[in-house]
Amino acid sequence: YSCKGHHRAFAIYRPELNKYSLQRLSLMSELRSALAEGQLKLYYQPKLMLADGQVSGAECLIRWIHPVHGFIPPDQFIPLAEQTGAIRDVTRWALKEAMHQQQKWSQAGLSLNMAVNISPLDLVDMQLPDIVADLFSQYNGNQGGLTLEVTESAVMSDPDMAIRALEKLKSMGVILSIDDFGTGYSSMAQLKKMPVHELKIDKAFVLDLATNSEDQIMVNTLLGLARHLGLKTVAEGVEDASSLAFLKRAGCHKAQGFYMSKPLPAADFDMWLKNYPESSS
Ligand code: C2E
Ligand code: MG
Ligand code: MG
Ligand code: MG
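Below is a short write-up of the structure. What you are looking at is a predicted structure, and each value in this text was computed from that prediction instead of being measured.

**Thoughts on the overall build of the protein**
Secondary structure summary: the protein contains 12 helices and 9 strands in total. Rg of the C-alpha trace for the protein: 20 Å, near the compact-globule value of 19 Å for 281 residues, within the 12% margin. Each of the three principal axes of the protein carries a C-alpha extent, and together these read 65 × 45 × 45 Å. Each of the 281 residues in the protein was classed as buried or not, and the buried ones make up 48%. Considering only contacts within the protein whose residues lie at least 6 apart along the sequence, 67% involve residues at least 24 apart. Computed over 27 positive and 31 negative side-chain charges, the inter-centroid distance for the protein is 2 Å.

**Remarks on the site of ligand 1**
Neighbouring residues of ligand 1: 23 residues in total, closest Arg63, Asn117, Asp179, Glu239 and Phe258. Between a nitrogen atom of ligand 1 and a side-chain N or O atom of glutamate 239, the distance comes to 2.5 Å. Its free accessible area being 800 Å², ligand 1 has 87% of it covered by the protein chains. In this structure the site holding ligand 1 corresponds to the largest pocket. The element that contributes the greatest number of residues to the shell around ligand 1 is strand 2 (residues 55-66), accounting for 4 residues. Its residues assigned to classes, the shell around ligand 1 shows 9 nonpolar, 5 polar and 9 charged.

**A word on the coordination of the magnesium ion (ligand 3)**
Summarising the metal site, the magnesium ion (ligand 3) is bound by the protein donors Asp179 (OD), Asp180 (OD) and Glu236 (OE), whose distances to it range over 2.0 to 2.4 Å. Site description for the magnesium ion (ligand 3): donor spacing in sequence, D-D-x55-E. A separation of 3.9 Å is found between the magnesium ion (ligand 3) and the magnesium ion (ligand 2), which are bridged by aspartate 179. Taken as a pair, aspartate 180 in strand 6 (residues 175-181) and glutamate 236 in strand 8 (residues 232-236) lie far apart in primary sequence, 56 residues in all.

**A closer look at empty space enclosed by the protein**
Under the defined criterion, the tally for this structure stands at 1 cavity of 30 Å³ or more. Of the volumes computed, that of the largest cavity is approximately 60 Å³. Lining the largest cavity, in full, are Met99, Gln102, Gln103, Ser106, Gln107, Tyr139, Asn140, Asn142 and Gln143. Counted by class, the lining of the largest cavity contains 2 nonpolar, 7 polar and no charged residues.

**Some remarks on the environment of methionine 99**
Examined against the element boundaries, methionine 99 turns out to sit in helix 4 (residues 87-107). Note on methionine 99: relative accessible area 1%, which makes it buried. Methionine 99 sits 14 residues away from glycine 85 along the chain, and the two C-alpha atoms are 23 Å apart. Setting aside chain neighbours within four positions, we find methionine 99 in contact with Leu135, Phe136, Tyr139, Asn142 and Leu146.

**A short note on the layout of surface pockets**
Reported here for the largest pocket is a volume of approximately 1,000 Å³. Taken together, 37 residues form the lining of the largest pocket, with Glu59, Leu61, Pro74, Asp75 and Asn117 sitting closest to its centre. Of all the elements in the fold, those that place two or more residues in the lining of the largest pocket are strand 1 (40-49), strand 2, helix 3 (74-84), helix 4, strand 4 (113-118), helix 5 (120-123), strand 5 (146-151) and strand 6.

**Describing the pairing of strand 8**
Of all 5 residues that make up strand 8, 4 are buried, and the element is covered over most of its length. Where strand 7 (residues 198-201) meets strand 8, 4 bridges bridge the pair, whose relative direction is parallel. Counterpart to leucine 199 in the pairing with strand 8 is threonine 233. Each parallel crossover has a hand, and for strand 7 linked through helix 10 (residues 213-229) to strand 8 it is right-handed. Pairing of strand 8 with strand 9 (residues 254-256) involves 3 bridges; the strand directions are parallel. Its bridge partner being in strand 9, valine 234 is matched across the sheet by lysine 254. Each parallel crossover has a hand, and for strand 8 linked through helix 11 (residues 241-249) to strand 9 it is right-handed.

Criteria and thresholds
Residues numbered from 1 in each chain as written. Chains lettered and ligands numbered in written order. Predicted model: local features only at pLDDT ≥ 70, side-chain atom pairs only at ≥ 80, totals over all residues. Heavy atoms only, no water. Helix = DSSP H or I, 4+ residues; strand = E, 2+ residues; numbered from the N terminus. Rg over C-alpha atoms; globule rule 2.2 N^0.38 Å. Buried < 20%, exposed > 50% of the residue type's maximum accessible area, 1.4 Å probe, protein only. Contact = heavy atoms within 4.5 Å. Lys, Arg positive; Asp, Glu negative; His and termini not counted. Charge placed at Lys NZ, Arg CZ, Asp CG, Glu CD. Near = heavy atom within 4 Å. Polar contact = N/O pair within 3.5 Å; in protein donor to acceptor, adjacent residues only side chain to side chain. Areas by Shrake-Rupley, 256 points an atom, 1.4 Å probe, with all protein chains shown as cover. 1 Å grid on protein atoms, 1.4 Å probe; cavity = no way out; pocket = protein on both sides within 12 Å on 5 of 7 lines; lining within 4 Å. Sits in = over half its atoms within 2 Å of the grid points. Nonpolar A, V, L, I, M, F, W, Y, C, P; charged D, E, K, R; others polar. Donors = N, O, S within 2.8 Å, 3.2 Å for Na, K, Ca; no water. Points joined across faces, edges and corners; volume = space filled by probe spheres on them. Pairing = 2+ DSSP bridges. Right-handed = clockwise from strand over helix to strand, strands pointing away.

See below:
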């Protein structure tokens, strides 16, 4: 019998494994109208300063509330948007929506930094700095500040180009953060030259920080590297009190994770903020 081999050959042609499956193709073509029809939503996840427990700001994370498929997480459509180039419109929408929300917080007396994720393609978008500048003037000079999170792999794939784009944004007062740090391949020589303010340690090193001694070593090492480079640090994926305590002892500046809060719609974020000092810390 050679059943095993048969099964394997069959599996290769399962349509859902094809990256151009019908469902993916239809999602790709629907994304532009999703934007126009308001099916995309931003959720907000708080970031804490570890020194004093204050909420320093929020990261906005996109969701697609699809009329047929329901809740679609970003990992399932951001890569598609990157392939089709639709990401440029998604990023423009997210920046505007996030800064509009930030202005609402500001009008309610809350000064919160807003972090927006941008894709590798946005870094080569020559219009991005102008778009950000326009939004700054539209939304009152952006009180609370704007952070752009760009992944390590995006920055390292073309370091010279990334440096030029980041320099421009930095000169406008944008805070720059290298997202998912530790999972890509950074050249230390390039990292030293990157005009960024912050390293964001990937949740892969943080989720089991309370119990996994290898993760503890990695996190200490990444924090040490950041310190020597004069960079601030954020840890994502904090799910329990002992991980939070570890990060604080280790000198990490900020933390973000389900232990504090999941990403929330703006109204729920407001409720969370009102209850925050009592509910955690
Ligand atoms: P990211 O920027 O690294 O965001 C962190 C992800 O970790 C988010 O997943 C967040 O919900 C999740 N997370 C936060 N705290 C915890 C925790 O304690 N435990 C666990 N298990 N997970 C936690 P999400 O929202 O599904 O986003 C996934 C990725 O999609 C983001 O990773 C980012 O790369 C991308 N993304 C999200 N929104 C946007 C956007 O507006 N534009 C672009 N270009 N990419 C986006
Ligand atoms: Mg991020
Ligand atoms: Mg991240
Ligand atoms: Mg990540």
